[in-house]
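# Examining the three-dimensional arrangement
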Amino acid sequence: MASVGRMKLGSQGLEVSAQGLGCLGMSAFYGPPKPEADMITLIHRAVRSGITFLDTSDMYGPFTNEILLGKALKGIRKEVELATKFGVSNGDGRGKWEICGDPTYVRAACEASLKRLDVDCIDLYYQHRIDTKIPIEITMGELKKLVEEGKVKYIGLSEASASTIRRAHAVHPITAVQLEWSLWSRDAEEGIVPTCRELGIGIVAYSPLGRGFLSLGPKIVDSLLNDDHRKLLPRFQPENLKQNASIFERVTEMAKRKGCTPSQLALAWAHHQGNDVCPIPGTTKIENLNQNIGALFVKLTPEEMVELESLGSADVVKGERYGTRMYTWMDSETPDLSLWKGI
């Protein structure tokens, strides 16, 4: 197989594989946890194939995905770029999520992730969701200290608005912003993507395959287990599924013309967004990993990009990205630091 290739992520010096591996589905949210030995084999296969940018979070499990990666990284730590996240706590285990950016919590979360991952340093440490109770400058101040202490190399934000990104970047350079970006999730294109580009911040596209919908289409719903959180997402609901199915049908038709699979076409679209964009599709199957890597070699003309974008425009896609319980960049404005009186 041809080389996956490398890319500079942001302008602070981080270099990663041109495609990453999202590890969430190995441990949480998409049905029961997958067999540990199989997932370690998959991670090792990815790294040998050149997919060295691995993405996890302390909330995946919670905690179990980081432990899994810690085991998988034994003997290959120097070969990978390791990203994890903090800021979303599910401490009661009953689905009550709490978002926290308090400095004491930031430090404790980092120390705990280092221990679970069994590493000395996290390459890229994201704030997973933004705490709207605390000025972003306060959270960033603690992250800056973690960088100075050598516990973190680079700082990232996930689901942050353009103004929040600017304020954070003024405290310490942000290396990457992680956002949902795919053919059918385009809401970041107007403000967040241009802001990242202006500031020299890399873009990490999560769920570039529409949480599997752009791979399998509406039939994916039939195979979802009861504990798969996609069952709760608006776009997967019956009232939205029929219209969204037409998107998949048209992507499938175009993929046939291109001689690739629908998922490869959708992923190629993400890769063609620019050399500052790194998609991180997740998978638990080696055949899907190989297919995702193949998307790197699907070339799209400007005309094909325009055609694809018309398929997934905002007026075509039915349903919000998330239900009401999950925060996004639209819920990420924090208090003005000069007016803040503390917790």
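Description of the structure in this document. (Residues numbered from 1 in each chain as written. Predicted model: local features only at pLDDT ≥ 70, side-chain atom pairs only at ≥ 80, totals over all residues. Heavy atoms only, no water.)

Attention now goes to the overall build of the protein chain. Within the protein chain one finds 11 helices and 12 strands. Compactness check: the protein chain gives a C-alpha radius of gyration of 19 Å against a globular reference of 20 Å for 343 residues, within 12% of the reference. Counting only C-alpha atoms and orienting by the principal axes, one finds that the protein chain spans roughly 55 × 45 × 40 Å. Counting only residues that meet the buried cut, the protein chain has 55% of its 343 residues in that class. Here the contacts in the protein chain between residues at least 6 apart in sequence split such that 77% fall between residues at least 24 apart. (Helix = DSSP H or I, 4+ residues; strand = E, 2+ residues; numbered from the N terminus. Rg over C-alpha atoms; globule rule 2.2 N^0.38 Å. Buried < 20%, exposed > 50% of the residue type's maximum accessible area, 1.4 Å probe, protein only. Contact = heavy atoms within 4.5 Å.)

The biggest cluster of nonpolar side chains holds 85 residues, and the ones touching the most others in it are Tyr125 and Leu157. Listed in part, the 14 residues of the second largest apolar core include Met7, Tyr126, Tyr206 and Ile280. (Core = buried A, V, L, I, M, F, W, Y, C linked by side-chain atoms within 4.5 Å.)

Across the sheet, which stays open at both edges, the 8 strands sit in the order E3-E4-E5-E8-E9-E10-E11-E12 with parallel pairing between neighbours. Both outer strands of the open sheet, strand E3 (20-22) and strand E12 (277-279), are each paired with one neighbouring strand and no more. Averaged over all neighbouring strand pairs, the angle between strand axes comes to 25°, with direction disregarded. Bridging between strand E11 (residues 202-206) and E12 involves 3 bridges; their strand directions are parallel. Counted as the bridge partner of Ala205 is Pro279 from E12. (Pairing = 2+ DSSP bridges. Axes fitted to C-alpha atoms, helices over the stretch in contact; angles between N-to-C directions.)

Before going further, it helps to spend a moment on empty space enclosed by the protein. Tallied over the full model, the rule gives 1 cavity of 30 Å³ or more. By volume, the largest cavity amounts to about 40 Å³. In terms of lining residues, the largest cavity is bounded by Glu180, Trp184, Ser185, Arg211, Leu233, Arg235, Phe236, Glu320 and Arg321. Residue classes in the lining of the largest cavity are distributed as 3 nonpolar, 1 polar and 5 charged. (1 Å grid on protein atoms, 1.4 Å probe; cavity = no way out; pocket = protein on both sides within 12 Å on 5 of 7 lines; lining within 4 Å. Points joined across faces, edges and corners; volume = space filled by probe spheres on them. Nonpolar A, V, L, I, M, F, W, Y, C, P; charged D, E, K, R; others polar.)

Further remarks concern the state of the cysteines. Within the structure shown, the criterion is met by 0 disulfides. Left unpaired, Cys100 is separated from the closest cysteine sulfur, that of Cys110, by 14 Å. No disulfide involves Cys110; its sulfur sits 8.4 Å from the nearest other cysteine sulfur, which is in Cys121. (Disulfide = S-S within 2.5 Å.)

The subject of this paragraph is the pattern of salt bridges. All chains considered together, the criterion is met by 22 salt bridges. Residue Lys85 pairs with Asp55 through a salt bridge whose shortest N-O separation is 2.7 Å. Taken together, the positions of Lys85 in strand E5 (residues 81-86) and Asp55 in strand E4 (residues 53-55) put the pair 30 residues apart, joining distant regions of the chain. Judged by its relative accessible area of 0%, Lys85 falls in the buried class. Classification of Asp55 by relative accessible area gives buried; the value is 2%. Where Glu149 meets Arg107, a salt bridge forms, and the shortest distance between an N and an O atom there is 2.8 Å. Here Arg107 lies in helix H3 (residues 103-117) and Glu149 lies in the loop between helix H4 (136-148) and strand E9 (152-158), a separation of 42 residues in the sequence. Assessed through its relative accessible area of 41%, Glu149 is described here as partly exposed. (Salt bridge = Lys/Arg side-chain N within 4 Å of Asp/Glu carboxyl O.)

Where helix H8 (residues 238-258) contacts helix H11 (residues 302-311), the two axes come as close as 9 Å, and the packing angle between them is 160°. As summarised for this structure, H8 and H11 are arranged roughly antiparallel, according to the angle between their axes. Taking contact as the criterion, the partners of Ile247, Arg250, Val251, Met254, Arg257 and Lys258 in H8 are, on H11, Glu304, Glu307, Leu308, Ser310 and Leu311. Broken down by class, the residue content of the contact of H8 with H11 amounts to 5 nonpolar, 1 polar and 5 charged. (Parallel < 35°, antiparallel > 145°, perpendicular 65-115°, else oblique.)

For the rest of this paragraph, the subject is the side chain of Asp123. For Asp123, the location among the structural elements is in strand E8 (residues 122-127). Excluding its chain neighbours within four sequence positions, the residues that come into contact with Asp123 are Arg77, Val80, Glu81, Leu82, Lys153 and Tyr154.

We now examine helix H2 (residues 64-72). Here H2 has its buried residues at Asn65, Glu66, Leu68, Leu69, Gly70 and Ala72. Against helix H1 (36-48), E4, E5 and H3 lie the buried residues of H2.

Right, let's talk about unusual backbone geometry for a bit. Cis rather than trans, the peptide bond between Gly61 and Pro62 has omega equal to -5°. Position of Pro62 relative to the elements: it lies in the loop between E4 and H2. Notably, Phe63 is not glycine yet its phi reads approximately 80°, a positive angle. Since its relative accessible area comes to 40%, Phe63 is described here as partly exposed. Residue Arg211 is not a glycine yet carries a positive backbone phi of 55°. With respect to the secondary-structure elements, Arg211 resides in the loop between E11 and helix H7 (213-216). Judged by its relative accessible area of 8%, Arg211 falls in the buried class.

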